[in-house]
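# Per-entry structural report
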Amino acid sequence: HMELDAIVELKVDEAALLSRIENRARETVAAGGTVRADDNPDAFKVRLDAYRVQTAPVSAYYASKGTLKAVDGMLPIDDVTKALNAVLGA
């Protein structure tokens, strides 16, 4: 029965994330490492589909309540952290 102050949604470019996964897998293999079983385009697409079906509708609900705060998740890590702190009032 806790009240939520804010819901944070990281906005991302799905194609860029897919490219990052593919690049990370190539680099891991080139370095002689083992790629995680879930770190591949097919698994990523499954996660995206689950997000669209299960999470996106929840985001719309909180947006209608005025508690959804969006942050550009494609920014450099330090900038994402600053944006998160800003929307959370930290």
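That block above? That's the structure.
Residues numbered from 1 in each chain as written. Predicted model: local features only at pLDDT ≥ 70, side-chain atom pairs only at ≥ 80, totals over all residues. Heavy atoms only, no water.

## Notes on the overall build of the chain
Cut-off, in case you're wondering: Numbering of helices and strands starts at the N terminus; helices are DSSP runs of H or I of at least 4 residues and strands are runs of E of at least 2. C-alpha atoms define the radius of gyration, and 2.2 Å times the number of residues to the power 0.38 defines the globule rule. With a 1.4 Å probe rolled over the protein chains alone, any residue whose accessible area is under 20% of its type maximum counts as buried; one over 50% counts as exposed, and the rest are partly exposed. In what follows, a contact means two residues having at least one pair of non-hydrogen atoms within 4.5 Å. Computed with the Shrake-Rupley method and a 1.4 Å probe, the accessible areas treat only the protein chains shown as cover for residues. When charges are counted, Lys and Arg contribute as positive and Asp and Glu as negative, whereas His and the chain ends are disregarded. Lys charges are placed at NZ, Arg charges at CZ, Asp charges at CG and Glu charges at CD.
Of the regular secondary structure elements, the chain holds 3 helices and 2 strands. Secondary structure of the chain in N-to-C order comes out as β-α-α-β-α. Against the compact-globule benchmark of 12 Å for 90 residues, the chain has a radius of gyration of 16 Å, which places it well outside the compact range. For the chain, the spread of C-alpha atoms along the principal axes amounts to about 45 × 30 × 25 Å. Across the 90 residues in the chain, those meeting the buried criterion constitute 14%. Here the contacts in the chain between residues at least 6 apart in sequence split such that 65% fall between residues at least 24 apart. Accessible surface, the chain: about 6,700 Å² in total, of which carbon and sulfur atoms supply 56%. Computed over 11 positive and 14 negative side-chain charges, the inter-centroid distance for the chain is 1 Å.

## Here's the deal with the pattern of salt bridges
Formally: Definition used for salt bridges: Asp or Glu carboxyl oxygen within 4 Å of a side-chain nitrogen of Lys or Arg.
Per the counting criterion, the structure on display carries 5 salt bridges. For glutamate 9, the salt bridge identified is with lysine 11, shortest N-O distance 3.3 Å. With a relative accessible area of 10%, glutamate 9 lands in the buried category. For arginine 52, the salt bridge identified is with glutamate 14, shortest N-O distance 2.3 Å. One end of the pair, arginine 52, is in helix 2 (residues 41–65); the other, glutamate 14, is in helix 1 (residues 14–30), with 38 residues separating them in the sequence. It is possible to trace a salt-bridge network through shared partners that takes in Glu14, Asp49 and Arg52.

As far as function goes, none of this settles anything; it's purely spatial.
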